[in-house]
Each structure stands twice: as C-alpha cells, then as structure tokens.
Amino acid sequence: MTGSPDRLRRFSRRHIVNHLIMLVTFTGLVLTGMPQKFPDQAWAKGVVLIIGGVQRTRAVHHFLGTIMVFQLVWAVLE
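Cut-offs used in this document
- Residues numbered from 1 in each chain as written.
- Predicted model: local features only at pLDDT ≥ 70, side-chain atom pairs only at ≥ 80, totals over all residues.
- Heavy atoms only, no water.
- Helix = DSSP H or I, 4+ residues; strand = E, 2+ residues; numbered from the N terminus.
- Rg over C-alpha atoms; globule rule 2.2 N^0.38 Å.
- Buried < 20%, exposed > 50% of the residue type's maximum accessible area, 1.4 Å probe, protein only.
- Contact = heavy atoms within 4.5 Å.
- Phe/Tyr/Trp six-rings, centres within 6.5 Å; stacked < 30°, edge-to-face > 60°.
- Axes fitted to C-alpha atoms, helices over the stretch in contact; angles between N-to-C directions.
- Parallel < 35°, antiparallel > 145°, perpendicular 65-115°, else oblique.
- Left-handed = near helix turned anticlockwise from the far one by under 90°.

**Some points on the overall build of the protein chain**
Each helix and strand counted, the protein chain has three helices and zero strands in total. Traced from its N-terminal end to its C-terminal end, the protein chain shows the element sequence α-α-α. Since a compact globule built from 78 residues should have a radius of gyration of about 12 Å, the 18 Å found for the protein chain marks it as more spread out than a globular shape. Here the C-alpha coordinates of the protein chain stretch approximately 60 × 30 × 15 Å along the principal axes. With 78 residues in all, the protein chain has 18% of them scored as buried. Partitioning the intrachain contacts of the protein chain with sequence separation of at least 6 by distance along the chain shows that 61% fall at a separation of at least 24.

In structure tokens:
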C-alpha cells in the first residue's frame, strides 16, 4: 500500500475550537475561583497576587464565566 492511509475526521474545526474554548475557560475559572474559595491559604494569596489583586481576580473570573456561558449556548445550538 502506497501513500498515506485514509483518515477519519472525528471533529470539525468548529468542534475543536469549541473544545479549546471550554478548556481555556474551565482552567481559568479554576485558577481564579479556587483562591476565592480558600482565601486564607498561602497558595491562594500567592495566586491572587500573581493575577493582580482580588478585584482583578474576580473580574477575570466573571469574564471567563461569561465566555463559558456563551460557549455553552453555542454548543447547544450547533
């Protein structure tokens, strides 16, 4: 057999983008949400400082949550 074997495309580009958005937003929500859930822990204080303070951490968390909601609606409608 010569040449490359036939490949089955499992996901469309739209599905791949949808999954990447979900991956990024979920990871970001965890990174910004866990420090808010456990504010007395030393690691949480460090994460909040890296992000830029409590207000910025909350703003990023809300922004990512909004993106995730739109991504969910997009996934359901497709």
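**Topic: the packing of aromatic side chains**
Across all of its chains, the model carries one aromatic pair by this definition. Taking the centre distance of 6.4 Å and the plane angle of 50° together, the rings of F38 and W43 count as tilted. The partly exposed category is assigned to F38, whose relative accessible area is 33%.

**A word on the packing of helix α1 (residues 13–37) against helix α2 (residues 42–51)**
Packed helices, taken two at a time, are described by the angle their axes make and the gap between the axes. Contact pair α1 / α2: the axes reach a minimum separation of 8 Å and the direction vectors enclose 130°. It follows that α1 is oblique to α2 by the angle criterion. In this structure, the crossing between α1 and α2 has a hand that is left-handed. Packed against α1, whose contacting residues are L31, T32, M34 and P35, the element α2 presents W43, A44, V47, V48 and I51 at the interface.

By themselves, these are just geometric observations and shouldn't be taken as functional.
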